[in-house]
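# Understanding the architecture of this molecule
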Amino acid sequence: MKKILLNGLACGLCLVAMVGIANAGPMTWAIADGGNGHSYEIIDSNLSWTDAKDAAETAGGYLATITSAEEQLFVSTLVGNHVIGATADNTGYIIGGFKVDEQWQWVTSEPWDYKYWRPNEPNYSYENYLYMDGRSPIQWGWNNYVDVNCWYGESGLFGYIVESAPVIERRFTSVPEPTTLLLLATGLAGIAAVNIRRHKK
Ligand SMILES: [Ca+2]
Ligand SMILES: [Ca+2]
């Protein structure tokens, strides 16, 4: 049994070594550290911005929104540690900013106040999507680009960053679906009926 486990572990380690840079899983920006309690996961997957947005939402989160210098620092440190060993010049990670009618916005509709553009960005008006650019100077500064897959070629790393709020926060901030409201109302009516029956006894 022990041998099987050890073999399994060894295979797992081989796989990590073969991949080179493994996804480390979500990292939480702890409230105790001055963070927002959200977790962030860096996914190495060469998707277009739109496909990355869909993938992030399917995973239960959203493309990361960077709304303060502190959040930029936390996420850029995470990305920096993630790509160690890769040529940072060839890296980029999609985040949740996009532009409609010349207005930049976040996928979560949070206010677009904080910005961390690279020099001379945003440039082309037809580049309506956002990623963090690994090139210096202003490493992990923001660059606008078109909704395509990575153009860095085989040597590059291109992926996206998923942010997720704790479940409790999502419950309070998300708008319930009409069916959820109906179920909730039915449930409450049921509880009320039981209580009335209990009082009658
Ligand atoms: Ca955020
Ligand atoms: Ca650009």
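Notes on the structure in this doc start here. Predicted model, so just to flag it, every value in this text is computed and none were measured.

## Details of the overall build of the protein
The helix and strand inventory of the protein stands at five helices and eight strands. Ordered by position from the N terminus, the helices and strands of the protein form the series α-β-β-α-β-α-β-β-β-β-β-α-α. Scored against the burial criterion, the 201 residues of the protein give a buried share of 22%. In the protein, the proportion of contacts linking residues at least 24 apart, taken out of those at least 6 apart, comes to 66%.

## Structural notes on the environment of Ser76
Note on placement: Ser76 falls in helix α3 (residues 69-82). Ser76 sits in the partly exposed class, given 18 other C-beta atoms within 10 Å. Taking the C-alpha atoms as reference points, Ser76 and Tyr93, 17 residues apart in sequence, are found 10.0 Å from one another. In this view, Ser76 contacts Met132 and Trp140; residues no more than four positions away in its chain are not counted.

## With respect to the pairing of strand β4 (residues 91-100)
Consecutive side chains of a regular strand alternate in pointing toward one face of the sheet and then the other. Of all 10 residues in β4, seven are buried, a share of seventy percent or more. One ladder, built from four bridges, connects β4 with strand β8 (residues 157-164); its direction is parallel. Its bridge partner being in β8, Tyr93 is matched across the sheet by Gly159. Across four bridges, β4 lies against strand β6 (residues 129-133) in antiparallel orientation. Bridge assignment links Phe98 to a residue of β6, and that residue is Tyr129. Here β4 runs beside strand β5 (residues 103-106); their pairing, made up of four bridges, is antiparallel. Looking across to β5, one finds that Gly97 is bridged to Trp106. Here β4 folds back onto β5, and the loop between the two strands holds two residues, one of which, Asp101, carries a positive phi near 50 degrees.

## A short note on unusual backbone geometry
Backbone torsion omega between Glu121 and Pro122 reads -5 degrees, so that peptide bond is classified as cis. By secondary structure assignment, the location of Pro122 is in the loop between β5 and β6. A cis geometry characterises the amide bond from Ser136 onward to Pro137, with omega recorded as -5 degrees. Structurally, Pro137 can be placed in the loop between β6 and β7 (141-145). Phi at Asp101 takes a positive value of approximately 50 degrees, unusual for a residue other than glycine. Tracing the chain through its elements places Asp101 in the loop between β4 and β5.

## Brief notes about α3
In this model, α3 (14 residues) spans 20 Å end to end at C-alpha, consistent with the 20 Å of a helix rising 1.5 Å per residue. Residues of α3 that are buried: Glu71, Phe74, Val75, Val79 and His82. For α3, the buried positions fall inside an angular range of 125 degrees around the axis, keeping them on one side. In α3, the exposed positions that point more than 90 degrees away from the buried face belong to Ala69, Thr77 and Asn81. Of the surrounding secondary structure, the elements contacted by the buried residues of α3 are β2 (39-43), β4, β6 and β8.

## Overview of the nonpolar core
By size, the foremost hydrophobic cluster in this structure holds 27 residues, and its most contacted members are Leu63, Ala64, Tyr93, Ile94, Ile95, Tyr160 and Ile161. Counting only elements with at least two residues in this core, the list comes to β2, α2 (49-58), α3, β4, β6, β7 and β8. With five residues, the top contributor of residues to this core is β8. Once residues lying within four places of it in the same chain are set aside, the contact partners of Ala64 are Tyr40, Val75, Ile95, Gly96, Ile161, Val162 and Glu163.

What counts, and where the lines are drawn
Residues numbered from 1 in each chain as written. Chains lettered and ligands numbered in written order. Predicted model: local features only at pLDDT ≥ 70, side-chain atom pairs only at ≥ 80, totals over all residues. Helix = DSSP H or I, 4+ residues; strand = E, 2+ residues; numbered from the N terminus. Buried ≥ 20, exposed ≤ 12 C-beta atoms within 10 Å, placed from the backbone. Contact = placed C-beta atoms within 7 Å. Pairing = 2+ DSSP bridges. Expected span 1.5 Å × (residues − 1). Arc of directions from axis to C-beta. Core = buried A, V, L, I, M, F, W, Y, C linked by C-beta atoms within 7 Å.

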